Amino acid sequence: MKIVSVVGARPQFVKLAPIHKAALAAGVEHVIVHTGQHYDPMLSDVFFEDLGIGAPDVHLGVGSGSHGVQTGAMLAALDAVFDEHRPDWVLVYGDTNSTVAAALSAVKMHIPVAHLEAGLRSFNRRMPEEHNRVMTDHASDLLLAPTQVAVDHLATEGLAARTVLVGDVMTDVLFEVRDQVAGAPSVLLGELGLGSGEYYLATIHRAENTDDPARLREVAAGLAGLDKPVVLLAHPRVVAKAASHGIELTQGSLVARAPLAYADLIAAALSSAGVVTDSGGLQKEAFLLGVPCTTVRTETEWVETIQLGWNVLANSAEEIAAAVTRPHPNETDAAPYGDGHAAERVIQELIRAAGD
Ligand code: UD1
């Protein structure tokens with residue numbers, strides 16, 4: 001059996017790591033295609049190296065561009081790759097432009113497509129990720145859902161027959177890395193002279209928060225006004241947008257620095273007093289690490305984190321301050337994101353479904 005995984009952006013490399021490991025363990029041939037959507041070493045190479053994935057087999061080198069230009073360049077390049085490999089499955093991950101491009105290319109070539117992290121919905125049709133995930137789900141043959149809520153969304157859209165609940169593969173890798181970094185101090189503590197629990201960790205990169213100058217100014221002011229230092233791990237997108245809007249990312253309590261490698265990120269989140277983010281992955285990672293999260297968005301796909309009290313949505317500077325200083329959430333035994341063995345289930349499901 002042969003699987004071609006198509007990835008391109010930072011969170012997809014994290015999801016790829018446990019899948020690659022599980023594929024090799026099951027004796028499955030696994031070809032990795034990197035679209036090149038993310039190309040900075042700290043957004044790309046560092047994940048392949050640190051998470052033991054090795055180098056991608058194919059690199060399309062597509063790079064940045066408008067949605068149409070970037071997605072179109074991927075589509076144009078993928079036909080030849082799929083034609084050469086003719087896999088049993090094309091596996092696509094999450095909700096980026098790389099996801100929708102690979103799903104569309106494969107479906108048109110009559111190659112079965114499986115969507116990992118299927119069924120997430122924000123119901124916000126302004127988000128590029130929402131277009132990408134809805135289109136990918138409807139194009140795919142097998143929908144690998146991370147949560148029961150995702151399964152329910154797919155059923156509502158008439159896709160129940162193609163859906164399987166496998167759990168969340170980011171949980172697999174997070175549990176492993178959490179155990180590796182346990183007891184090792186975060187690089188941030190030394191670098192910024194901070195103690196454990198003396199800072200908040202922030203990431204802001206989504207188009208909804210970065211592209212409108214008034215919105216980015218409000219978010220930066222909210223973070224700058226917090227009661228402890230806020231370390232912003234600044235994605236190139238927020239750096240570029242802040243520069244073009246004339247907004248300082250180091251002001252008041254706010255200190256911007258480059259993104260961290262995955263293990264350093266987990267260590268930094270673990271030692272923080274709380275996480276403030278618009279990243280989907282980090283909301284869930286904070287929950288799984290037992291760190292309170294504040295999400296700078298009007299909605300989230302990971303509704304379980306909100307229902308269990310570990311995540312609060314905040315949009316204005318006042319809402320951010322109130323959410324960050326709220327009382328510590330109650331401990332919970334709930335495990336809505338699975339048991340840390342989702343990737344093995346994904347590979348077994350692909351083997352089973354290929355035989356149908
Ligand atoms: C993409 C995904 C988003 C995901 C995020 C994870 C889409 C539509 N968005 O957003 O869902 O949460 O990845 O990080 O697919 N840039 C660099 N270096 C890089 C990559 C990007 O400088 O290696 C800059 C460029 O200015 C580029 C901008 O960031 O134009 C945006 O990059 P892009 O890949 O379009 O989207 P992200 O914001 O990274």
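Calculation rules
- Residues numbered from 1 in each chain as written.
- Predicted model: local features only at pLDDT ≥ 70, side-chain atom pairs only at ≥ 80, totals over all residues.
- Heavy atoms only, no water.
- Helix = DSSP H or I, 4+ residues; strand = E, 2+ residues; numbered from the N terminus.
- Rg over C-alpha atoms; globule rule 2.2 N^0.38 Å.
- Buried < 20%, exposed > 50% of the residue type's maximum accessible area, 1.4 Å probe, protein only.
- Contact = heavy atoms within 4.5 Å.
- Areas by Shrake-Rupley, 256 points an atom, 1.4 Å probe, with all protein chains shown as cover.
- Lys, Arg positive; Asp, Glu negative; His and termini not counted.
- Charge placed at Lys NZ, Arg CZ, Asp CG, Glu CD.
- Salt bridge = Lys/Arg side-chain N within 4 Å of Asp/Glu carboxyl O.
- Pairing = 2+ DSSP bridges.
- UniProt positions renumbered as here; feature names shortened; annotations may be inferred.
- Right-handed = clockwise from strand over helix to strand, strands pointing away.
- Near = heavy atom within 4 Å.
- Polar contact = N/O pair within 3.5 Å; in protein donor to acceptor, adjacent residues only side chain to side chain.
- Domains from an automatic or database assignment.
- Buried area = accessible area lost by both parts, 1.4 Å probe.

### Let's talk about the overall build of the protein
When its secondary structure is counted, the protein shows 16 helices and 13 strands. The C-alpha atoms of the protein give a radius of gyration of 20 Å, which matches the 21 Å a tight globule of 356 residues would have. The C-alpha extent of the protein, read off along each of the three principal axes, is 55 × 45 × 40 Å. In the protein, buried positions account for 58% of the 356 residues. Sequence-distant contacts in the protein: of pairs separated by 6 or more residues, those separated by 24 or more amount to 69%. Accessible area of the protein: about 13,800 Å², with a carbon and sulfur share of 54%. The centroid of the 24 positive side-chain charges in the protein is displaced by 4 Å from the centroid of its 44 negative side-chain charges.

### Description of the pattern of salt bridges
Pairs may arise between side chains of opposite charge once their charged atoms sit close together. If you walk through the whole model with that rule in mind, you get 18 salt bridges. In this structure, the salt-bridge partner of Glu-129 is Arg-206, at a minimum N-O distance of 3.3 Å. Taken together, the residues Glu-129 in helix 5 (residues 128-139) and Arg-206 in the loop between strand 8 (200-203) and helix 9 (207-210) connect sequence positions 77 residues apart. Accessibility assignment for this pair places Glu-129 and Arg-206 in one class, buried. With a closest N to O distance of 3.1 Å, Arg-133 and Glu-301 form a salt bridge. Taken together, the residues span a long stretch of sequence, with Arg-133 in helix 5 and Glu-301 in the loop between strand 12 (293-295) and helix 14 (303-307) at a distance of 168 residues. Look at Arg-133 and you get buried, because its relative accessible area is 3%. Where salt bridges share partners, they join Asp-95, Glu-130, Arg-133, Arg-297, Glu-299 and Glu-301 into one cluster.

### What about the side chain of His-85?
Position of His-85 relative to the elements: it lies in helix 3 (residues 67-85). Discounting chain neighbours no more than four positions away, the residues touching His-85 are Lys-2, Val-4, Val-31 and Val-58.

### A look at the pairing of strand 8
Burial along strand 8 is two-sided: the residues Tyr-200 and Ala-202 and Leu-201 and Thr-203 are all buried. Of the pairings in the sheet, the one linking strand 8 to strand 9 (residues 230-233) comprises three bridges and is parallel in character. Directly across from Ala-202, in strand 9, lies its bridge partner Leu-232. Pairing of strand 8 with strand 11 (residues 274-277), which is carried by four bridges, proceeds in the parallel orientation. Within the sheet, the bridge partner assigned to Tyr-200 lies in strand 11 and is Gly-274.

### Description of the environment of Met-1
Checked against the element boundaries, Met-1 lands in the segment before strand 1 (2-7). For Met-1, a relative accessible area of 34% gives the class partly exposed. In this structure, the C-alpha to C-alpha distance between Met-1 and Ala-26, residues 25 residues apart in sequence, is 9.9 Å. With near-sequence residues (within four places) excluded, Met-1 lies in contact with Val-28, Glu-29, Asp-88, Trp-89, Leu-350, Ile-351 and Ala-354.

### Describing the UniProt feature "domain: UDP-N-acetylglucosamine 2-epimerase" (unreviewed entry) in the protein
The positions UniProt marks with the feature "domain: UDP-N-acetylglucosamine 2-epimerase" (unreviewed entry) are residues 26-350. A distance of 11 Å separates the end C-alpha atoms of residues 26-350, which is 45% helix and 14% strand.

### Re the pairing of strand 4 (residues 89-93)
Along strand 4, five of the five residues are buried, which leaves the element largely enclosed by surrounding structure. Burial along strand 4 is two-sided: the residues Trp-89, Leu-91 and Tyr-93 and Val-90 and Val-92 are all buried. Two elements, strand 1 and strand 4, share four bridges in a ladder whose sense is parallel. Following the sheet pairing, Val-6 is matched in strand 4 by Val-92. Alignment of strand 4 against strand 5 (residues 113-116), held across four bridges, turns out to be parallel. Within the sheet, the bridge partner assigned to Val-90 lies in strand 5 and is Val-113. Handedness of the crossover joining strand 4 and strand 5 through helix 4 (residues 97-108): right-handed.

### Some words on the site of the ligand
Taken together, 20 residues lie around the ligand, and Gln-37, His-38, Tyr-39, Asp-40 and Glu-129 are the ones closest in. A distance of 2.8 Å separates an oxygen atom of the ligand from a polar side-chain atom of Gln-37. Tyr-39 has a polar backbone atom sitting 2.8 Å from an oxygen atom of the ligand. In isolation the ligand exposes 740 Å². Once the protein is present, 86% of that is buried.

### Focus on the domain arrangement of the protein
Per the domain assignment, the segments of the protein are domain 1 (2-168 + 338-355) and domain 2 (177-324). The gap between the C-alpha centroids of domain 1 and domain 2 is 26 Å. Taken together, the contacts link 22 residues of domain 1 with 18 residues of domain 2. For the pair domain 1 and domain 2, the summed buried area comes to about 1,600 Å², and 63% of that belongs to carbon and sulfur atoms. A per-residue breakdown of the area domain 1 buries against domain 2 is headed by Arg-10, Met-42 and Met-127, which together make up 23% of the total. On inspection of domain 1 and its partner domain 2, the count reaches three salt bridges. Taken together, the connections running from domain 1 to domain 2 amount to four residue pairs in polar contact (both at pLDDT 80 or more). Elements with a minimum of two residues in the side of domain 1 that touches domain 2: helix 1 (10-25), helix 2 (45-50) and helix 5. With three residues, helix 2 is the single largest residue contributor to the side of domain 1 that touches domain 2.

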